[in-house]
Amino acid sequence: MTVRIDTLGNGMRIVTEAMPGFESASVGLWINAGGRHERVEQNGIAHFLEHMAFKGTARRSALQIAEEIEDVGGYINAYTGREMTAYYARVLAADVPLALDVIADITLEPAFDLSEIEVERGVILQEIGQALDTPDDIIFDWLQEAAFPGQPIGRTILGAPELVRSFGRGDLSTFVAEHYGPEHLVLAAAGAVDHEQIVKLADKAFGHLTPRPSRIQDAAQFQGGEVRENKPLEQVHFAMALEGPNYRDPDIYAAQIYASAMGGGMSSRLFQEVREKRGLCYSIFAQAGAYGDTGLMTIYAGTSADDITGLSELVIDELRRAPDDLTDAELNRARNQMKAGLLMGLEGPSSRAERLARMVHIWGRAPSLAETVGKIDAVTLSDLRAFAQRLASEAPAAMALYGPAEGAPALMGLKERLAA
């Protein structure tokens, strides 16, 4: 497999990976523009824009966008994150030019028809309502807000309902003008692709774009705090976050191994101690998430009102003892899980294309899998324990609770227990 990168004259980057033996390809546009790039009055506009991209262009109706891809047996979709928006398609090799043309059309020439804006506004408000009715979904938005209060990175991606109700064509056009410059675009393709063809197609579709002024992005400040929403549900949904490393921090590999050892599977400490030995929950996990300048080590569990105190204190106790007694066996198991998850997850063109785009956005290049695996293998037990110690003794914390949480311990008390 061969990874190749080119940069157009306007600064747009193209990265491809040819995968011999494949008959299909994944091609997409990853844009360095998401929720954290919104001003306070724009909260939710990046996500609204993603929806509107599929509602028609100067050349295609919303139905034609769907039909042209599905007529050839393909698939097209998009998503909005806090740092990135992506539009991508999976098609057979012969249909790559069509997929790229459709993606360029919906991102560069959306019609923003007023009637379609009203229709999609209703869809997004329904999406917000659905999220609010899904406790183990909305809890992470509240945790993000508690970790980064009053900051773009802490606001919900879906947006505040009152703002979604107010957005118009001008708001959508403004966000595109501010953030969809060529230097913020990465076109990635993997599978049955020809690099030279992709570059020529990209130059034709995007080469006319002119660079935009540099954007000033406020650095994220993990401040921490607590959000508690008492509601008569069956369970208390508990989520805690400690500040973790960013994408470029060398500790990111230790953080990911730590998350796996603590709560990444059935053999992990939290699963064994909290669920298997004490039966305090059905679901519990830990995960390490990262952004360009910060990160989150997140732990989630759902439990009864009677058990929330015991569960949260047990989680703290496991965090507190990890720096002293994490073992080589746990390190090796977590490391192997991480490598296997990485390699298994990259067996398809779609995941390959996404990895390429993210790596180019983060590093300006696409590190080989061998390089990444080497960094995972380089983490030692002393590295892992040292990271666990910094997490327990230095990292600020945030917590979100949703459900019958009146009797749950306060974050301050849990932090004192962690520091004891």
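Refer to the structure presented above.
Below you will find a few notes about this structure. (Residues numbered from 1 in each chain as written. Predicted model: local features only at pLDDT ≥ 70, side-chain atom pairs only at ≥ 80, totals over all residues. Heavy atoms only, no water.)

**Describing the pairing of strand S2 (residues 13–18)**
(1) Moving on: Taking burial as the measure, the six residues of S2 include five buried ones, the bulk of the element.
(2) Moving on: Bridge count between strand S1 (residues 2–7) and S2: six bridges; the pairing is antiparallel. Bridge pairing in S2 links Val3 to Glu17.
(3) Moving on: With antiparallel pairing between neighbouring strands as the criterion, S1 and S2 make up a hairpin whose turn holds five residues, including Gly11 at a positive phi of roughly 100 degrees.
(4) Moving on: In the sheet, S2 pairs with strand S6 (residues 185–191) via six bridges, with the strands oriented parallel. In the sheet register, Arg13 faces S6, and the bridge partner there is Val186. (Buried < 20%, exposed > 50% of the residue type's maximum accessible area, 1.4 Å probe, protein only. Helix = DSSP H or I, 4+ residues; strand = E, 2+ residues; numbered from the N terminus. Pairing = 2+ DSSP bridges.)

**Let's talk about the sheet that holds S1**
(1) Moving on: Strand order in this open sheet of six strands is S1-S2-S6-S3-S5-S4, and the pairing throughout is mixed. Looking at strand neighbours, the two that pair on one side only are S1 and strand S4 (75–80), the edges of this open sheet. Averaged over neighbouring strand pairs, the angle between their axes works out to 15 degrees when direction is ignored.
(2) Moving on: Direction of pairing for S4 relative to strand S5 (residues 85–92): antiparallel, over a ladder of six bridges. Bridge pairing links Tyr79 to Ala86 in S5.
(3) Moving on: Sheet contacts for helix H3 (residues 96–108): strand S3 (24–31), S4, S5 and S6; angle to S5, the most-contacted strand, approximately 155 degrees. (Axes fitted to C-alpha atoms, helices over the stretch in contact; angles between N-to-C directions. Contact = heavy atoms within 4.5 Å.)

**Remarks on the nonpolar core**
As a rule of thumb, soluble globular proteins bury nonpolar side chains together.
(1) Moving on: By size, the foremost hydrophobic cluster in this structure holds 70 residues, and its most contacted members are Tyr87, Leu187 and Phe206.
(2) Moving on: Looking at this core element by element, the count peaks at seven residues for H3.
(3) Moving on: The contacts of Phe206, once residues within four sequence positions are left out, are Asn10, Met12, Leu29, Leu100, Ala104, Thr107, Leu108 and Leu185.
(4) Moving on: Counting residues in each nonpolar core, the second largest holds 52 residues, with Ile308, Leu319, Ala322 and Leu331 among its members. (Core = buried A, V, L, I, M, F, W, Y, C linked by side-chain atoms within 4.5 Å.)

**Details of the environment of His37**
(1) Moving on: The residue His37 is located in the loop between S3 and helix H1 (45–52) in this model.
(2) Moving on: A residue is classified by how much of its surface remains accessible, and His37, at 11% relative accessible area, is buried.
(3) Moving on: Sequence separation between His37 and Ile153 is 116 residues, and the spatial gap between their C-alpha atoms is 8.1 Å.
(4) Moving on: Setting aside chain neighbours within four positions, we find His37 in contact with Asn32, Gln42, Arg82, Glu83, Phe175, His179, Arg215 and Gln217.

**Here's the deal with the environment of Ile5**
(1) Moving on: Looking at the element boundaries, Ile5 is found in strand S1.
(2) Moving on: Separated by 262 residues in the primary sequence, Ile5 and Ser267 have C-alpha atoms spaced 40 Å apart.
(3) Moving on: In this view, Ile5 contacts Ile14, Val15, His195, Val360, Arg365 and Ala366; residues no more than four positions away in its chain are not counted.

**What to know about the packing of H3 against helix H8 (residues 195–206)**
(1) Moving on: At their nearest, the axes of H3 and H8 sit 10 Å apart, and the two run at 25 degrees to each other. The orientation of H3 with respect to H8, classified from their angle, is roughly parallel. The two elements H3 and H8 meet at a crossing, and its hand is right-handed. Listed contacts from H8 to Val96, Pro97, Leu100, Ala104, Thr107 and Leu108 of H3 are Gln197, Ile198, Leu201, Ala202, Ala205 and Phe206. (Parallel < 35°, antiparallel > 145°, perpendicular 65-115°, else oblique. Left-handed = near helix turned anticlockwise from the far one by under 90°.)

**Let's talk about the pairing of strand S9 (residues 284–290)**
One face of the sheet, then the other: side chains in a regular strand alternate in exactly this way.
(1) Moving on: Inspection of the sheet shows S9 paired to strand S10 (residues 295–303) by seven bridges, in the antiparallel sense. Directly across from Gln287, in S10, lies its bridge partner Thr298.
(2) Moving on: Where S9 folds back onto S10 in an antiparallel hairpin, the turn is made up of four residues.

**Looking at helix H7 (residues 169–179)**
One full turn of an α-helix is made of 3.6 residues, so residues set three or four places apart face in the same direction.
(1) Moving on: Taken as a whole, H7 has its buried residues at Leu172, Phe175, Val176 and His179. All buried residues of H7 fall inside an arc of 100 degrees around its axis, so they share one side.
(2) Moving on: Packing partners of the buried residues in H7 comprise S3, H1 and helix H4 (114–132). (Arc of directions from axis to C-beta.)

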